[in-house]
Amino acid sequence: MLKDITLGQFFPGNSVLHRLDPRVKIVICIAYIVGIFLCNSLAAYIFLIAMTVLLMLISQLPVKTVLKGIQPVVVIIIFTAVLNVFWRGGETELFSFWIITIYLEGVTSAIFMMIRIIALVIGTCIILTYTTSPIALTDAIERLLSPLRIFKIPVHEFAMMMTIALRFIPTLIEETDKIMNAQKARGSDFSTGSLAERAKALVPVLVPLFISSFRRADELAVAMECRCYRGGSGRTRMTQLHLAKRDFFSILLTALFIASVLLINQYFPIYVV
Amino acid sequence: MAEIVIKAENLSFFYEEDDGAKIPVLQNFDLEIEKGSFVALLGHNGSGKSTLAKLFNLILTPESGNLYLFGKRVDENEMTDDELFEIRRRIGMVFQNPDNQLVATIVEEDVAFGPENLGVPPKEIRQRVDDALDFVKMKKFARHSPHQLSGGQKQRVAIAGILACKPEVIIFDESTAMLDPLGRAEVMSTIETLNKEFGTTIVLITHYMEEATKAGRVVVIDNGKKLLDGTPKEVFKETKILRKAGLDIPQTTLLLQELADMGYDLPRNALTPEEGAEALAKILSEKEKIK
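Residues numbered from 1 in each chain as written. Chains lettered and ligands numbered in written order. Predicted model: local features only at pLDDT ≥ 70, side-chain atom pairs only at ≥ 80, totals over all residues. Heavy atoms only, no water.

1. Focus on the layout of surface pockets
To be explicit about the condition: Cavities and pockets were defined on a 1 Å grid built over protein atoms only: a cavity is a set of grid points that admits a 1.4 Å probe from which the probe cannot escape, a pocket is an open set flanked by protein on both sides within 12 Å along at least five of seven lines, and lining residues are those with an atom within 4 Å of any such point. Grid points are joined across faces, edges and corners, and a volume is the space filled by probe spheres set on the points. Secondary structure elements are taken from DSSP: a helix is a run of H or I of four residues or more, a strand is a run of E of two residues or more, and numbering for both begins at the N terminus. Classes in brief: Ala, Val, Leu, Ile, Met, Phe, Trp, Tyr, Cys and Pro nonpolar; Asp, Glu, Lys and Arg charged; the others, Gly included, polar.
The calculated volume of the second largest pocket comes to roughly 620 Å³. Lining the second largest pocket are 25 residues, with Glu219 of chain A together with Ser50, Lys54, Gln96 and Asp173 of chain B sitting closest to its centre. Put simply, the parts of the chain that give the lining of the second largest pocket at least two residues each are helix H10 (203-226) of chain A together with helix H1 (49-56) of chain B. With five residues, H10 of chain A is the largest single contributor of residues to the lining of the second largest pocket. For the lining of the second largest pocket, the residue count by class is seven nonpolar, eleven polar and seven charged.

Shown next as structure tokens:
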């Protein structure tokens, strides 16, 4: 039952985006977010939508999957839009009733805000989570942050923790499943009763899960010690990341994207918010 | 005489209880393991056999006695980190639960973990990983995630992870205990090939008699003391002592011994079912002739 949960949201594929160096992807993603927040006019937002659609096409991901990425933030999108429509003042009055007055500026800023959030979620999903395996992501974070080591920040240790967490998620899910079945066989009921009752029924699942996790951690630590693990110092890596032509090219394109946004803001200031 | 890789002299070890009481695990234990040999350490749960393995790998420090590894006396307190890790590299260890010894989310990354820790250059790591996976016949699973594998496959990946460090001795601490019969057979045949083809010294800790029969030498441990030591044939003859130590005797041996007690002319030290069948067939055909 629990086994069917998909981990992360990585969709393996072979598009250019999939093959980009994960370090470059993180940098591009940050630049893209900066680009989104630089947009301040209708023309710029249209350009942003066009670019996001283009990104989606390059990634070769099914449209449905990409749109699903918005699902968790729908509430936030609606909430932001409503706030903007009702509480933003302006000069052009559209509609007035009792104490509520809606201005044109409020509506446009609400629409822009919605586009901004949707583009943000879809963009980061396409660039990072959908097209990069969690292990590549962890690896890239470790390498990008490695300069921080001179400030005594344990970058390698954090990356190792993330890797181990990723490694043990399926194992622990399987174990939870087993314990739940064992408790069901002893007559416990997880699916009926009030929320409080159901939460209480989970205690006999969580306690053994916790205990076994500690035992696992202990055994893993010994096994790692036996394989000569002693932290990040003096460690080499099997996979070496090399920047390819496409990586430089994509960085160039991202720079162009930001430059275009700035130019459009400057020369086509329609509905500036 | 072959070089002695592990030598325990008068080794003792205690576990301390919460109230400070000391529970003896090993008492004045002596053992010598020769280079290239295949030794099975046999004992029931709590006999001290796993503790012994952890002492050999310097995960635990002995209370008293001397431990010589590769001809040198070792004392953890007098060792530099580099020396300690060099010992751990030379003495690899495979544990019981395959899940709790795999670190990475991809098989080949996990095999690379050991050599990466040792600071081996990337190209050589690649070579070692490929060779190790090839040896345990897991090459086609190189890009899989460990949780997609069966127990036996995971355990073979764990062995590959140790092999990639190029150890001279590998200790298997009940490595087959959690596997199904098929997985157990896979792992056992990997262990045997390792010993025969690469001359790797194998210390197999187990409580399965059938596995111990594959070894060149069997050491039976009970209550932290050495009970028996010899070839499988010599050891499994001692039915009474084995029973007292809470161990089962291989079924074939048991059958032939009981028949022998009844007066039939059968060997008392047959170990494998094949050997047993042969001995029985011989007797039966002789009977036919008499008739």
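Next, the rest of the story.
2. Some words on the side chain of Lys25 of chain A
Where we set the bar: Working definition: with a 1.4 Å probe on protein chains only, accessible area under 20% of the residue-type maximum means buried, over 50% means exposed, and in between means partly exposed. Counted charges follow a simple rule, with Lys and Arg positive, Asp and Glu negative, and His plus the chain ends left uncounted. Throughout this description, the term salt bridge denotes a Lys or Arg side-chain nitrogen within 4 Å of a carboxyl oxygen of Asp or Glu.
Turning to its location among the elements, Lys25 of chain A is positioned in helix H2 (residues 22-38). For Lys25 of chain A, which is buried and forms no salt bridge, the nearest opposite charge comes from Asp247 of chain A, at a distance of 8.4 Å.

3. Description of the domain arrangement of chain B
Residues and elements named next belong to chain B. Our working definition: Either an automatic procedure or a domain database provided the assignment from which the domain bounds are taken. It only takes one pair of heavy atoms within 4.5 Å for two residues to be counted as in contact. Accessible area that two parts lose when put together, evaluated with a 1.4 Å probe and summed over both, is termed the buried area.
Split by domain assignment, chain B resolves into domain 1 (4-101 + 169-248) and domain 2 (250-291). Put simply, the middle of domain 1 and the middle of domain 2, counted by C-alpha atoms, are 33 Å apart. With ten residues of domain 1 at the contact, the number on the domain 2 side is nine residues. Contact between domain 1 and domain 2 buries roughly 780 Å² in total, counting both sides, with carbon and sulfur atoms accounting for 60%. Applying the counting rule to domain 1 against domain 2 returns one salt bridge. Here Lys233 makes a salt bridge to Glu275, at a shortest N to O gap of 2.5 Å. Residue assignment for the side of domain 1 that touches domain 2 shows that the elements contributing at least two residues are helix H7 (209-212), helix H8 (232-237) and helix H9 (239-244). Considering every element that reaches the side of domain 1 that touches domain 2, the biggest residue donor is H8, with four residues.

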